[in-house]
Amino acid sequence: MARLLLIAFQPHEGLQGAGFAQSFGMPFDVLNLTGEAPNDAGAERVLSANLAELPPADGLAKGLLAFAGGYSHVAAISSMLSKDVMARLAGLMDAAMVTDVIEADSPTVFKRPIVAGTVIATVEVLAEPVLLTVRPSGFAKPKVGGSSIVESVLIETASMAKRVSVVARAGTRPDLTRARVVVSGGRPLKDAETFESVIGGLADQLGGAVGATRAAVDNGIVPNELQVGQTGKIVAPDLYIAAGISGSTQHMAGIKDSKVIVAINKDPDAPIFEGADFGLVADLFDAIPELRAKLGTGE
Amino acid sequence: MRILVPVKRVVDPYAKVRPLPDGSGIDTGSLKFEINPFDEIAVEEAVRLREKGAATEITAISIGTAQVEEQLRKALAMGADKAILVESDAAWDSPAIAEELANVARELKPDLIIMGKQATDDDNNQAGQMLAAKLDWPQATFASKVEPVNGKLHVTRETDSGEETLELPLPAIVTTDLRLNEPRYIALPGIIRARTKPLEKRPASHSPSPKTRTLRVEPPPSRGAGKKVANVDELVAGLKERGVI
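Residues numbered from 1 in each chain as written. Chains lettered and ligands numbered in written order. Predicted model: local features only at pLDDT ≥ 70, side-chain atom pairs only at ≥ 80, totals over all residues.

### What to know about the overall build of chain B
Along chain B, the regular secondary structure elements total six helices and 13 strands. Dimensions of chain B, computed from the C-alpha atoms along their principal axes, are close to 65 × 45 × 40 Å. A separation of at least 24 residues holds for 70% of the contacts in chain B among residues at least 6 apart in sequence. (Helix = DSSP H or I, 4+ residues; strand = E, 2+ residues; numbered from the N terminus. Contact = placed C-beta atoms within 7 Å.)

### Observations regarding the interface of chain B and chain A
On the chain A side, the residues contacting the 62 residues of chain B number 69 residues. Where the side of chain B that touches chain A is concerned, the elements lending two or more residues are α3 (94-108), α4 (127-135), β7 (139-149), β8 (152-159), β9 (162-169), β12 (212-218), β13 (228-229) and α6 (232-241) of chain B. Top element by residues in the side of chain B that touches chain A is β9(B). It accounts for eight residues. Among the residues making up the side of chain B that touches chain A, the classes are represented as 26 nonpolar, 17 polar and 19 charged. (Nonpolar A, V, L, I, M, F, W, Y, C, P; charged D, E, K, R; others polar.)

### Side note on the sheet that holds strand β9 (residues 130-134) of chain A
Residue and element names in this part refer to chain A. The sheet built from seven strands is open, its strands ordered β5-β9-β4-β1-β2-β3-β10 with parallel pairing. Since the sheet does not close on itself, it has two edges, and those belong to β5 (96-101) and β10 (149-152), each with one partner. Across the sheet, the axes of successive neighbouring strands diverge by a mean angle of 20°, strand direction being ignored. Where strand β4 (residues 73-77) meets β9, five bridges bridge the pair, whose relative direction is parallel. Note on β9: the bridge partner recorded for His73 is Val130. Along the sheet, helix α1 (residues 13-24) contacts β1 (4-8), β2 (28-32), β4 and β9; its crossing angle with β1, the most-contacted strand, is approximately 160°. (Pairing = 2+ DSSP bridges. Axes fitted to C-alpha atoms, helices over the stretch in contact; angles between N-to-C directions.)

### Details of the nonpolar core
Counting residues in each nonpolar core, the largest one holds 173 residues, and the members touching the most others are B:Val5, B:Ala60 and B:Ala75. In terms of residue count, the dominant contributor to this core is helix α3 (residues 80-93) of chain A (eight residues). If you count residues domain by domain, this core takes at least three from each of domain 1 (4-152) and domain 2 (181-296) of chain A. (Core = buried A, V, L, I, M, F, W, Y, C linked by C-beta atoms within 7 Å. Buried ≥ 20, exposed ≤ 12 C-beta atoms within 10 Å, placed from the backbone. Domains from an automatic or database assignment.)

### Quick notes on the domain arrangement of chain A
Residues and elements named next belong to chain A. According to the domain assignment, chain A contains domain 1 (4-152) and domain 2 (181-296). Using C-alpha coordinates to define each centre, domain 1 is positioned 30 Å away from domain 2. Residue-level contacts link seven residues of domain 1 with eight residues of domain 2. Looking at the side of domain 1 that touches domain 2 residue by residue, the classes come out as two nonpolar, four polar and one charged.

### Thoughts on the sheet that holds β9(B)
Read across the open sheet, the 10 strands follow the order β11(A)-β9(B)-β8(B)-β7(B)-β10(B)-β6(B)-β1(B)-β4(B)-β5(B)-β11(B); overall the sheet is mixed. Unpaired on one side and paired on the other, β11 (162-168) of chain A together with β11 (199-203) of chain B mark the two borders of the sheet. For this sheet, the mean angle separating the axes of adjacent strands, direction not counted, is 25°. Alignment of strand β1 (residues 2-6) of chain B against strand β6 (residues 112-116) of chain B, held across two bridges, turns out to be parallel. Residue pairing for β6(B): B:Leu4 is matched across the bridge by B:Ile113. Across the sheet, α4(B) is in contact with β6, β7 and β10 (172-176) of chain B; its angle to β7(B) comes to roughly 65°.

Right under this line is the structure:
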């Protein structure tokens, strides 16, 4: 039957995913794995698992299998975590899967970026059920109102894989994928210290998150989880500032839904300028301190 | 430890690709084909595990037409011991690939399957996890470090917020991320020498029935022509006007 289960791997995904679920026009339930999910975002039922910690993919996918029956569609917000688990769940269900949905033309026809975002494919699903991971930036914010039936559920979490250690990113900056402002830098930032003072300094002044190019990550300037692009994080802030970034296709694919893109680059021919709302041809080491000074005063 | 490494033939990941004018697919006319770069990292990791004495035999496998031999020969040149080409000109989506690889794995009984986290053409990021599910083996995706420890694997994997290390009993599936290693450079003589290594061609064990199909491909919508500002003052004024600062 035509019914959607939205799996919220993180609490904020309940609301993010509801935007997609509402636009999909199908009755839907939310399975919320950790923390509290909103009960006024249009879901008929909110199932709360209240897991203290998510188990490795093999255990979690098996646990989720018990809840996925009876749905024509099972969706989650795209993330490394959801790709890890949802594709395994699709394997257990012998189901079709569409990764990184950016648009739904119908319950069986979806648009998604391929080849590092250089091409948009329209994919038809030929069998039910179908599993989806969804990039939320292409969908409207959900209408809130009403109230869902809230139930507590128990998810089996026994796993073959065992988590030995976790290293979480330290810091107080907002989450890259949800920040209102993102300031990103590329290889010209040279080293971690320079990156932190120039890019981090501007981000902190704007209350924003920090991002980086794959080149900056590959050169060891910043850790991997800050990479923005088709193979990294997809961002859609109100303001995206790209400093010393040439604008590779795969980077542009990760930022194109930003409301305003600013590019600061010495090279007037850098492709980033083609996609920027405001392009400034300048040395970022001159322009960013000047920008910080002018943002700080005159308000 | 015996290792199976699935590899995919993909259009040159560094070339600029365009949709065909009729939107039926990607224009690969003049483009080269390569091993999917994430699969190349997988081959490299397998070879390093053997060089460390942790692996005894490496088999590369691919599904496709006779042209795919080129990519399998590259894997052999990098150090794989033998290769299997499952010959087929059918359309294979991730569930079908996982099914076929699961059948091969049940026959060959490798201790480890290591493959790319995704192929750079379809960007699906599905086949490894689906294969792990079908075999009921533990998985570690997005691997940045693989270490054999007391008959198990410790795999450090990249996560949305940092990294974590999983301990996997064998047999297991690992999918590779960029930072796992830098694949060695193989000069032409190496590829030619690899011509004598065994490459088995066999038919598919099942006929794929795809669960998805691509209706059309098109260029992404453009953001419109970029606009340049002359200096920081103009930039600040513009940002204020747009209400983002």
